[in-house]
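Letter by letter, the chains look like this.
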Amino acid sequence: LHTRHKIEYDPTNCVGCKLCYKACFIDVIRWDEEKKQPIFKYVNECAHCNYCMASCKKGCITVVPDYSSQSYRQSFDMYRANKEVNMGQNYEEVR
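One structure accompanies this document, and this report is about it. (Residues numbered from 1 in each chain as written. Predicted model: local features only at pLDDT ≥ 70, side-chain atom pairs only at ≥ 80, totals over all residues. Heavy atoms only, no water.)

**Comments concerning the packing of aromatic side chains**
Thought 1: All chains considered together, the criterion is met by three aromatic pairs.
Thought 2: Pairing Y9 with F40 gives two aromatic rings, centres 5.4 Å apart and planes at 55 degrees, and the pair type is tilted. Of this pair, Y9 sits in strand β1 (residues 6-9) while F40 sits in strand β3 (residues 37-40), placing them 31 residues apart in sequence.
Thought 3: For Y9, a relative accessible area of 22% gives the class partly exposed.
Thought 4: Ring geometry for F25 and Y51: centres 5.7 Å apart, planes at 55 degrees, overall tilted. One end of the pair, F25, is in the loop between α1 (19-23) and β2 (29-32); the other, Y51, is in helix α2 (residues 51-55), with 26 residues separating them in the sequence.
Thought 5: Residue Y51 is classed as partly exposed on the basis of its relative accessible area of 47%. (Phe/Tyr/Trp six-rings, centres within 6.5 Å; stacked < 30°, edge-to-face > 60°. Helix = DSSP H or I, 4+ residues; strand = E, 2+ residues; numbered from the N terminus. Buried < 20%, exposed > 50% of the residue type's maximum accessible area, 1.4 Å probe, protein only.)

Okay, structure coming up:
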C-alpha cells in the first residue's frame, strides 16, 4: 500500500532519544547515527498510526495523513475466472 502521507519534522528540539525510531513498527523511520536524528526513509508506506508523533516528547514530529491516496482498488475478476477453472462442471450447476 503506497500513500502520499507526510511526516513533518522539526529538528530544532530533537534530543536524539530514538523513541520515534523505536516506535515505528513499519520501518518508515531510520536513524542517522552521525547526526543523531531520524531519517524518514519510506514515508509513502506510513500507516499513520501516529506512534512516532505520540512518542516524541519534544513535539518534533507531526504526521499528516492523506486519506485520498489510501484507496484499495480491488477487482474480483481473477477469483471468478479461477472459480470456473477450479470447480469445473460443478460451477455451472451452482450458478
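So much for the structure itself; the text now carries on.
**What about the pattern of salt bridges?**
Thought 1: Counted according to the given criterion, the structure contains three salt bridges.
Thought 2: For D27, the salt bridge goes to R30, with nearest N and O atoms at 3.0 Å.
Thought 3: Overall, the relative accessible area of 35% leaves D27 in the partly exposed class.
Thought 4: Here K36 and E33 are joined by a salt bridge, their closest N and O atoms 3.5 Å apart.
Thought 5: Several salt bridges share partner residues, and in doing so they unite K18, E33 and K36 into one network. (Salt bridge = Lys/Arg side-chain N within 4 Å of Asp/Glu carboxyl O.)

**Thoughts on the side chain of S55**
Thought 1: The residue S55 is located in helix α2 in this model.
Thought 2: A distance of 3.4 Å separates a polar side-chain atom of S55 from the backbone oxygen of L19.
Thought 3: One polar contact links the side chain of S55 to the main-chain carbonyl oxygen of C52, over a distance of 3.0 Å.
Thought 4: Non-local contacts of S55, meaning those with residues more than four positions away in its chain, are made with L19, C20 and A23. (Polar contact = N/O pair within 3.5 Å; in protein donor to acceptor, adjacent residues only side chain to side chain. Contact = heavy atoms within 4.5 Å.)

**Focus: unusual backbone geometry**
Thought 1: Phi at K18 is positive, roughly 70 degrees, even though this residue is not glycine.
Thought 2: As for its placement among the helices and strands, K18 is situated in the loop between β1 and α1.
Thought 3: Under the relative-accessibility criterion, K18 is labelled partly exposed at 24%.
Thought 4: Even without being glycine, N50 reaches a positive phi, approximately 70 degrees.
Thought 5: Judged by its relative accessible area of 29%, N50 falls in the partly exposed class.

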